[in-house]
Amino acid sequence: MADNLVIVESPAKAKTIENFLGKDFEVKSSYGHIRDLPRKKDAVDIENAFTPRYEISKDKESVVKELKKLCKNAKTVWLATDEDREGEAIAWHLSEALELENKKTKRIVFHEITKKAILDSIENSRSIDMNLVNAQQARRILDRLVGFNLSPLLWKKIKPELSAGRVQSVAVRLIVEREREIEAFDVKSFFRVTAMFLVTDDKGKVSTMKAELSKKYNSEQDANEFVISCVGAKFSIKNLEKKPSKKSPAAPFTTSTLQQEASRKLGYSVAQTMVVAQKLYEAGKITYMRTDSVNLSDTALESAEKQIKSAFGDKYSNRKRYKTKNSSAQEAHEAIRPTDMKEDSIDGDSSQKRLYDLIYKRTLASQMTDAELERTIVHVQNDKNESIFTATGEIITFDGFLKVYLESTDDEETEKQSGLLPPLKEGQGVGLDELLATERFSRPPARYTEASLVKKLEELGIGRPSTYAPTISTVQKRGYVLKEEREGRERNYQVISLKNDKVETKTNTEITGAERNKMFPADIGRVVNDFLIDNFKNIMQYDFTANVEKEFDEIAQGDLEWHAMIEEFYTPFSEVVKKTEEHGERASGERQLGIHPKSGKRVSVRIARFGPVAQLTGDDEEEKPQYARLKPGQNIETLTLEEALELFKLPRNLGKYEEQDVTVAMGRFGPYVRHKDAFFSVPKGEDPTEISFDRAIEIIEAKRKADREKLIKEFDENEEVKILNGRWGPYISFGKKNIRIPKDTDPKSLSYEQVVEMEKNYVPSRRAAAKKKTATTAKKKTTAKKTTKKKITAKKTTTKKSAAKKTTTKKTKPKSS
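Quick notes on the rules
- Residues numbered from 1 in each chain as written.
- Predicted model: local features only at pLDDT ≥ 70, side-chain atom pairs only at ≥ 80, totals over all residues.
- Heavy atoms only, no water.
- Helix = DSSP H or I, 4+ residues; strand = E, 2+ residues; numbered from the N terminus.
- Buried < 20%, exposed > 50% of the residue type's maximum accessible area, 1.4 Å probe, protein only.
- Contact = heavy atoms within 4.5 Å.
- Areas by Shrake-Rupley, 256 points an atom, 1.4 Å probe, with all protein chains shown as cover.
- Lys, Arg positive; Asp, Glu negative; His and termini not counted.
- Charge placed at Lys NZ, Arg CZ, Asp CG, Glu CD.
- Salt bridge = Lys/Arg side-chain N within 4 Å of Asp/Glu carboxyl O.

S.K.: Pulling in residues and values, what's your account of the overall build of the protein chain?
M.R.: A count of helical and extended segments in the protein chain gives 20 helices and 30 strands. Along the first, second and third principal axes, the C-alpha set of the protein chain runs to 110 × 85 × 85 Å. Out of the 817 residues in the protein chain, the part that is buried amounts to 44%. Within the protein chain, counting contacts between residues at least 6 apart in sequence, those at least 24 apart form 69% of the total. Carbon and sulfur atoms provide 48% of the accessible area of the protein chain, an area that totals close to 46100 Å². In the protein chain, 148 side chains carry a positive charge and 130 a negative one; their mean positions are 5 Å apart.

S.K.: Lay out the environment of Leu421 in plain terms, naming residues and giving numbers.
M.R.: With respect to the helices and strands, the residue Leu421 is situated in the loop between β13 (389-398) and β14 (429-441). Taking the C-alpha atoms as reference, Leu421 lies 57 Å from Thr81; in sequence the two are 340 residues apart. Beyond its immediate stretch of four places on either side in the chain, Leu421 contacts Met209, Thr376, Val378, Ala391, Thr392 and Gly393.

S.K.: Go over the pattern of salt bridges, please, and point to the residues and values.
M.R.: Here the structure, examined in full by the defined rule, presents 61 salt bridges. Between Arg107 and Glu88 there is a salt bridge, with the nearest N and O atoms lying 2.9 Å from each other. Taken as a pair, Arg107 in strand β8 (residues 105-107) and Glu88 in helix α3 (residues 85-97) lie far apart in primary sequence, 19 residues in all. Of the two residues, Arg107 and Glu88, both sit in the buried class. Of the charged contacts in the structure, one is a salt bridge between Lys502 and Glu504, with a shortest N-O distance of 3.5 Å. Owing to a relative accessible area of 43%, Glu504 belongs among the partly exposed residues under this scheme. Beyond isolated ion pairs, a larger network of salt bridges with shared partners links Arg180, Glu183, Arg526, Asp530 and Glu637.

S.K.: Help me get a handle on the side chain of Ser10, residues and values and all.
M.R.: Within the secondary structure, Ser10 sits in the loop between β1 (4-8) and α1 (11-18). A residue is classified by how much of its surface remains accessible, and Ser10, at 12% relative accessible area, is buried. Excluding residues within four positions of it along the chain, Ser10 makes contact with Ser29 and Glu282.

Below, the structure written as structure tokens:
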């Protein structure tokens with residue numbers, strides 16, 4: 001038994017650290033958090049200074065039991081959880097749950113998992129920093145109080161199973177407000193004029209040069225008049241300007257900038273970036289990946305300098321220290337960088353290699369010299385009017401850091417810089433190849449991507465490096481925000497051309513409004529957002545949320561007492577909750593659209609229990625309303641009366657096939673075709689109101705064919721057991737279990753006995769077990785809610801009966817004489 005026990009959060013981290021320590025050290029994992037607030041309303045004792053009532057998670061009881069046993073036999077216990085506030089809180093929870101003695105417990109932290117960093121941390125151990133722990137406790141308790149007060153309110157005022165959070169609700173607000181900006185945007189057209197000039201050099205070689213008129217024309221008539229005025233014009237170079245310029249490298253990665261750049265360059269989601277970065281950190285390849293510092297250690301600076309000089313030469317090296325603009329950033333921490341700058345590539349899966357390459361190049365480039373550029377601006381005049389065309393060219397005279405890396409941008413309007421211009425001199429004549437006046441359109445603000453949303457949250461001071469990914473994942477899981485692709489629509493535009501002194505106008509078409517991986521607010525997200533803003537203006541303010549983050553920072557620095565901070569927030573907040581519960585109006589986002597032209601019934605749109613619906617309501621109160629689900633891409637704020645009337649054409653009976661009706665309808669998960677009690681999803685982008693009988697048959701037969709190809713083998717002994725083709729290869733479907741078949745096994749050759757034996761030895765993957773646990777928990781919650789609802793209904797009925805009985809039996813008191 002080793003004298004020293006090191007406890008970390010993950011098995012991967014434990015494995016890496018164990019390689020650096022000798023036989024006197026044993027490294028074990030706690031598998032993340034071992035204690036947390038239970039999912040009960042009384043998890044925080046509000047009356048007793050907001051004291052949290054932590055419980056050891058059921059799935060961690062065996063872990064705690066094993067760690068307790070190991071701690072008793074160890075002389076020293078080293079708590080080596082992550083260096084941030086959450087890591088400090090985990091270390092404290094371990095200390096409390098394992099009942100560790102202060103004299104035998106040491107806290108160690110490190111920015112990277114390397115042998116030197118681990119040994120240095122052991123030499124510089126400390127006690128648990130309770131300021132950091134309290135900052136994390138305050139965040140956890142405040143978010144629990146907000147969530148557990150607002151969520152039941154949303155169930156009562158909007159619909160069941162909704163939830164709200166302090167940071168998540170503000171993130172949803174950003175997306176809702178951006179979408180409304182886009183919907184309210186008034187698109188205006190204008191004409192942009194460009195010309196392609198022919199330049200002939202001294203040797204007679206002809207090259208082209210593109211130039212643009214700085215003036216834009218607001219009408220086709222004005223643009224056309226200008227083009228006509230250029231007929232027969234002679235063009236020449238009015239003047240040339242050459243300006244030297246520099247481009248500087250970006251700072252090393254923080255959590256936020258890594259998430260943004262991985263999204264832009266690699267197409268990774270924010271959550272995916274953090275999962276891959278976590279693996280790289282735990283494998284000892286990069287420094288800690290949750291940081292808001294751009295600082296690099298002296299060792300890292302020296303290593304990068306050596307690598308740059310060795311690979312590119314001295315003139316490419318420019319050692320520099322970057323300063324974080326965020327005042328709350330901890331400069332003692334480091335930016336995200338490779339642990340060894342000599343390693344320009346690593347072993348691992350594709351996602352790890354690509355992210356490491358990005359981090360490596362960004363770090364290296366940050367310590368390289370500026371790129372030197374020469375920018376040339378050419379002004380072209382003509383003898384028919386006073387308009388001036390401008391051409392720009394940019395050449396790199398010294399590539400500097402660009403040899404390694406260039407930062408991407410979210411700006412969709414950015415056009416690539418033009419390259420080298422042909423040799424030119426003032427007064428030189430140039431020929432006109434073609435002049436185009438092209439109709440363009442003003443553009444609304446761009447919808448958020450995950451990357452640009454992280455950037456906005458950081459700019460507003462909302463959240464911290466550890467919260468960006470969970471926030472963005474949570475708002476999508478709750479169904480408040482959708483990340484999806486949307487097809488554009490065709491749009492006509494006019495092009496007026498001048499070529500060989502001939503003016504022509506033609507109409508072209510383009511696709512506009514197409515979106516890829518953008519964040520859209522769901523209807524329920526809009527309704528919840530509006531309800532919270534109407535009733536909880538304070539917590540929905542951007543500056544309020546940012547100030548809360550600053551107060552957490554003050555607690556971490558020991559400048560603010562966390563109980564007082566929570567009380568200052570909770571007292572007025574709880575009063576607003578009570579007031580809204582008693583007097584607040586229900587919210588459904590309902591809009592009256594008009595009257596049905598045939599039935600005379602009122603047409604409206606609103607949020608119903610299972611999502612947004614259009615509704616037909618008559619004057620007869622006993623007649624039930626008629627509902628129709630909205631199609632994908634439609635929303636309750638912009639749906640028109642005409643679009644709503646189309647929805648009531650569903651379900652449509654298209655005719656009979658194989659002596660059974662074929663109908664097309666709209667369901668909870670989108671449009672579908674129904675035939676013989678089977679459901680066939682309508683492919684994305686197809687309008688269910690326009691699907692023909694023949695197309696419905698194609699959809700049915702395509703699904704049948706796919707199902708036939710999916711089936712590999714059935715068994716007479718048990719019809720519930722099948723061997724199927726899946727996304728990840730062949731597998732056994734055995735009741736509710738899906739059992740993977742080893743790659744070296746022929747699935748067709750398996751007998752029923754072999755399948756049964758595989759089922760007996762089946763051990764679910766961690767993901768499958770987690771999925772099953774989530775489903776079981778959700779089922780229990782639903783059952784509990786139903787039971788509670790029944791009890792409340794029964795109680796109300798009993799109360800009413802009791803009150804009625806008292807009224808009946810009450811006697812009138814006789815008047816005194």
